[in-house]
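Structural description and commentary
Chain by chain, the residues:
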Amino acid sequence: MQNNNARERTAYPQMMNNREKEKYIENYNFPYCDESAKYEKVAKIGQGTFGEVFKAKDRRNSQKFVAMKKVLMDNEKEGFPITALREIRILQLLKHENVVNLIEICRTKATQSNRYRSTFYLVFEFCEHDLAGLLSNVNVKFSLGEIKKVVQQLLNGLYYIHSNKILHRDMKAANVLITKNGVLKLADFGLARAFSTNKSGVPNRFTNRVVTLWYRPPELLLGERNYGPPVDLWGAGCIMAEMWTRSPIMQGNSEQQQLTLISQLCGSITPQVWPNVDTLELYRTMELPQQQKRKVKERLKPYMKDPYACDLLDKLLVLDPSKRADADTALNHDFFWTDPMPCDLGKMLASHTTSMFEFLAPPRRSTQMRHHSLPRPTTSTVQDGGYIDRVF
Amino acid sequence: MPGWYYDKKELKNTPSAQDGIDYQTEMRYRKEGARFIIDTGIKMDLGYSTSATGVVYFHRFYMFHSFKQFPRYVTACCCLFLAGKVEETPKKCKDIIKTARGLLTDQKFNTFGDDPKEEVMTLERILLQTIKFDLQVEHPYAYLLKYAKCLKGDKVKLNKMVQMAWTFVNDSLCTTLALQWEPEIIAVALMYLAGKLSQFDVIDWTGRTAKHLRWWEMFVEDVTMDLLEDICHQVLDLYSQTPSQSNESPPQNQPRLNPPPSSSVARPSNGQNNPVSPDQPPPMHSSIPPPSDVPTYIYGTFTGAPPPVPGFPGFSAPPMSAPPVPPHMAAPPPGPPPNIAAPPPVFPFVNHPPPFAPPGVPPGANYYQPPNPPHRQFYPPP
Ligand SMILES: Nc1ncnc2c1ncn2[C@@H]1O[C@H](COP(=O)(O)OP(=O)(O)O)[C@@H](O)[C@H]1O
Ligand SMILES: [Mg+2]
């Protein structure tokens, strides 16, 4: 080592040695990357696949709160994770009222104690609730007009990201945030990616191992790799139904079971209702229940009551992705244009003074829609030590 | 929050300059670093956009740190490593280092220290912070193809011109042009240069209107001839530089290729550079073709010829690997042939300086805002 360094320093006489380099890094004030110490952590509000999420307060403005998502790098052999790079790049491109706003990326100071390796945080505008948290609280009651507003904002967000050629690929209630003023924000672009409409005729080869199982559309379950925006609209349909059922409508515990649940609700998966479905990779491998009648409206009617709501859901939970409503079509549905019209959630939320997040909520109780009583996959049900987060 | 564009004065007052490195030496370091990223990229079958993105990171990095503090080949590897991930063409760090090992002399490789991978990994965090996580970089290539589709004229000549311009874009990475001008402008300038050298006169183009004197006025506004010539000269100067005599970075042994072009563009009068001399070998792998009668693909630099353009009949397959599938978020592949394509919108060129993005505008602010969906007005329930 000594030898090497000596040689190195003869060849490049001015080059810094390791010690000097460490000092340099420690003292360099990166003009574009603030230290995370400018925020003060208040509480942990989430624990996901890629890291913890904290609520934090801006030290220079005690009124301003942010959510800090830690970039997990501990087991990364290949440096800064490609998934985090994707998330950052996509969030930097997307700027919309209904998409969570990435404010900046912060770092911890490089010091000897962290071996001169900073930790990074994605810093977001803070949203007081996530939809999973709200739905799991029985005291939160949505009127029909308020539900319309939620679904409309959800579709508006999807319309925007799809217009910008981004697929979300992880639609679920925990990834939908709601501010205390009732503004909905799509969040968690950790699995998102860009897509191109392949005019060239070269099919995409995306991974089908995306989307939390309960929200995963049939084409992904059947191994489709050339998929597109309809995958997110299936998820939007599942979330929409959940606004009434209060828990996920199809809670499979395996891909096979998820397909069975889908068939039982949406009817048998056949080439008659879905041309060319038989060409999908797993069509023959998976067991697909036959002679199932489509019962979307029938089974959801008791919850949703509103016929327009049932009709829109029926158009979102369509098996064949090419016939599934896109965001634009869905936004034009009578559901949003008949009385009661979509109305602001701000007033209703004002009566709830604590933040509601899935992470902080007890596991949601099962309903009739739930076939199997299982813990929610992919999300932790760990109870936080009774932290009550005041919104106001 | 400045953009990533600098004026010439700023480019002469970099951290390296403040550290006592003279301008010519810094330009050589930049060129060598860029060249090395490109060569490593080729060796590893990385697409042109990955290499180009890596080079832009490299140039930006040294607007904040000096070449004395960070040896250029380590930085270059790190930039390529990060660009690989960003452009969805990831390569293992150890493979990049292995390739680098093969391309560098022992002496140069020693700058990687005892644990080269660790060295690159540590640097990656510094790089990310330095470039403020601005990962998305646009390059002139896509604009080149887009503009070419609008030009009318002899198809064979046009193809030749586009390929030459493509080569100039490759080589422009070895200059600091990417720190000075938007990719649209660079594309226009280097197409203009290629047009001159290959004697392709643009007389007509799709979407021409009475107010357009020059084809590029359809795409960029307020670009003066002085500016175009300045950009062209910065690229041409690469071919006229005397190989460096430095021991630290001896010139690479280049095969003698075609002589550099005799430019029909007037030389700048700054007197800094040697005039183009036909018997001087170009210092880079690339050989710039003489104006006429070059075999089609001889002048490939690091990517070879441009990718085939759909709608350009007679564009044979490129000599090297086909261009990669357009990376994430890159401009979509060329669309329908020119006679169908609607004229693209005029790029709202911002005079330079000020920086490209007005201060305070978030990086994504000018990203496409879709029109509101045509929601119908409220109507009474049936
Ligand atoms: N901007 C935010 N404001 C408030 N809570 C947030 C914010 N971003 C994330 N969260 C909370 O943290 C949880 C996890 O964040 P998410 O981005 O979904 O990461 P993961 O990929 O780990 O699921 C979310 O479900 C939500 O409850
Ligand atoms: Mg999540």
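All residue numbers refer to position in the chain's written sequence, counted from 1. The lettering of chains begins at A and the numbering of ligands begins at 1, in the order of writing. Only residues with pLDDT of 70 or above have their local features reported here, since the model is predicted, and side-chain atom pairs are shown and tallied only from 80 upward, although totals for entire chains, interfaces and linings are computed over all residues. Excluding hydrogens and water, the side-chain values take into account all heavy atoms of the structure.

**Structural notes on the UniProt feature "domain: Cyclin-like" (unreviewed entry) in chain B**
Residue and element names in this part refer to chain B. UniProt positions are given in the numbering used here, feature names are shortened, and annotations may be inferred rather than shown by experiment. As annotated in UniProt, the feature "domain: Cyclin-like" (unreviewed entry) corresponds to residues 35–129 and 142–222 in the numbering used here. The span residues 35–129 is 71% helix and 0% strand, and its two end C-alpha atoms sit 24 Å from each other. In DSSP terms, a helix is any run of H or I states spanning at least four residues, a strand is any run of E spanning at least two, and both are numbered starting from the N terminus. In residues 142–222, helix accounts for 49% and strand for 0%; the two terminal C-alpha atoms are 21 Å from one another.

**Regarding helix H2 (residues 18–27) of chain A**
Residue exposure (1.4 Å probe, protein chains only): buried if accessible area is under 20% of the type maximum, exposed if over 50%, otherwise partly exposed. The set of residues buried in H2 of chain A consists of Lys21, Tyr24, Ile25 and Glu26 of chain A. Here, two residues are considered to be in contact whenever any of their heavy atoms come within 4.5 Å of each other. Buried residues along H2 of chain A sit in contact with helix H8 (116–130) of chain B.

**Things to note about the coordination of the magnesium ion (ligand 2)**
All names here are of chain A. Around the magnesium ion (ligand 2), the protein supplies Asn175 (OD1) and Asp188 (OD) as donor atoms, at distances of 2.1 to 2.2 Å. In this pair, asparagine 175 sits in the loop between strand E7 (166–167) and strand E8 (176–178) while aspartate 188 sits in the loop between strand E9 (184–186) and strand E10 (193–194), placing the two residues 13 residues apart along the sequence. The exposure class of aspartate 188 is partly exposed, given its relative accessible area of 22%. The donor set covers N, O and S atoms within 2.8 Å of the metal, switching to 3.2 Å for Na, K and Ca, and it leaves out water, so a site may look short of donors.

**Focus on the domain arrangement of chain A**
By convention, interface size is frequently given as the accessible area that disappears when the constituent parts associate. All names here are of chain A. Domain segmentation is taken from an automatic or database assignment of domains. By the assigned domains, chain A splits into domain 1 (40–126) and domain 2 (129–389). On a C-alpha basis, the centroid separation for the pair domain 1 and domain 2 is 26 Å. Listed by partner, the interface residues are 23 residues for domain 1 and 24 residues for domain 2. Put simply, buried area is the surface a 1.4 Å probe can reach on two separate parts but cannot reach once they are joined, added for both. Summed over both sides, the interface between domain 1 and domain 2 buries roughly 2,000 Å², with carbon and sulfur atoms accounting for 64% of that surface. When a carboxyl oxygen of Asp or Glu lies within 4 Å of a side-chain nitrogen of Lys or Arg, that pair is called a salt bridge. There are one salt bridge connecting domain 1 and domain 2. Close ionic contact of aspartate 188 with lysine 69 constitutes a salt bridge, the shortest N to O distance being 3.5 Å. What qualifies as a polar contact is a pair of N or O atoms within 3.5 Å, subject to a donor-acceptor requirement within protein and to the restriction that residues adjacent in sequence count only when both atoms come from side chains. Applying the counting criterion to the domain 1 and domain 2 interface returns seven residue pairs in polar contact (both at pLDDT 80 or more). Those elements giving two or more residues to the side of domain 1 that touches domain 2 turn out to be strand E1 (39–47) and helix H3 (82–93). Amino acids are sorted into nonpolar (Ala, Val, Leu, Ile, Met, Phe, Trp, Tyr, Cys and Pro), charged (Asp, Glu, Lys and Arg) and polar (every other residue, Gly among them). Partitioning the side of domain 1 that touches domain 2 into residue classes produces eleven nonpolar, five polar and seven charged.

**Focus on the sheet that holds E8 of chain A**
Residues and elements named next belong to chain A. Strands pair, by our definition, only if DSSP identifies at least two bridges between them. Ordered in space as E6-E8-E9, the three strands form an open sheet in which the pairing is antiparallel. Every other strand in the sheet has two partners, leaving strand E6 (129–130) and E9 as the edge strands with one partner each. The pairing of E6 with E8 spans two bridges and is classified as antiparallel. Pairing of histidine 129 across the sheet is with isoleucine 178, part of E8. Along the sheet face, helix H5 (residues 144–163) touches E8 and E9 and points at about 35° away from the line of E9. Fitted lines through C-alpha atoms serve as axes, helices being fitted only where they are in contact, and the angles separating the N-to-C directions of these axes extend from 0 to 180 degrees.

**Description of the environment of leucine 158 of chain B**
Mapping leucine 158 of chain B onto the fold places it in helix H10 (residues 155–172). Overall, leucine 158 of chain B belongs to the buried group, its relative accessible area being 0%.

**Focus: the packing of aromatic side chains**
Here a Phe, Tyr or Trp ring, Trp counted by its six-membered ring, pairs with any other such ring whose centre lies within 6.5 Å, and the pair is stacked when the planes are under 30 degrees apart, edge-to-face when over 60, and tilted otherwise. Under the defined criterion, the tally for this structure stands at 31 aromatic pairs over all chains. With a centroid separation of 5.3 Å and an interplanar angle of 65°, the aromatic rings of phenylalanine 206 of chain A and tyrosine 227 of chain A are classed as edge-to-face. Placement of the pair is phenylalanine 206 of chain A in the loop between E10 and helix H6 (218–221) and tyrosine 227 of chain A in the loop between H6 and helix H7 (230–245), with a sequence separation of 21 residues. This pair shows no difference in class: phenylalanine 206 of chain A is buried, exactly as tyrosine 227 of chain A is. Through a chain of ring-to-ring contacts, three or more aromatic side chains come together here, namely Tyr24, Tyr28 and Phe30 of chain A together with Tyr29, Phe58, Phe61, Tyr62, Phe67 and Phe70 of chain B.

**Some points on the packing of H5 of chain A against H7 of chain A**
Each packed pair of helices is defined by two parameters, the angle between the axes and the distance between the axes. All names here are of chain A. Across the interface, H5 lies against H7 with an axial gap of 10 Å and an inter-helix angle of 165°. The angle between H5 and H7 places the two elements in the roughly antiparallel class. Every pair of crossing elements has a handedness; the one defined by H5 and H7 is right-handed. On H7, the residues touching Leu144, Ile147, Val150, Val151, Leu154, Leu155, Leu158, Ile161 and His162 of H5 are Asp232, Leu233, Ala236, Ile239, Met240, Met243 and Trp244. Taken together, the residues that form the contact of H5 with H7 break down as 14 nonpolar, one polar and one charged. What sets the label is the angle itself: under 35 degrees gives roughly parallel, over 145 gives roughly antiparallel, 65 to 115 gives roughly perpendicular, and the rest give oblique. Helix crossings get a hand from a simple test, with the near helix turned counterclockwise from the far one by less than a right angle marking a left-handed crossing and a clockwise turn marking a right-handed one.

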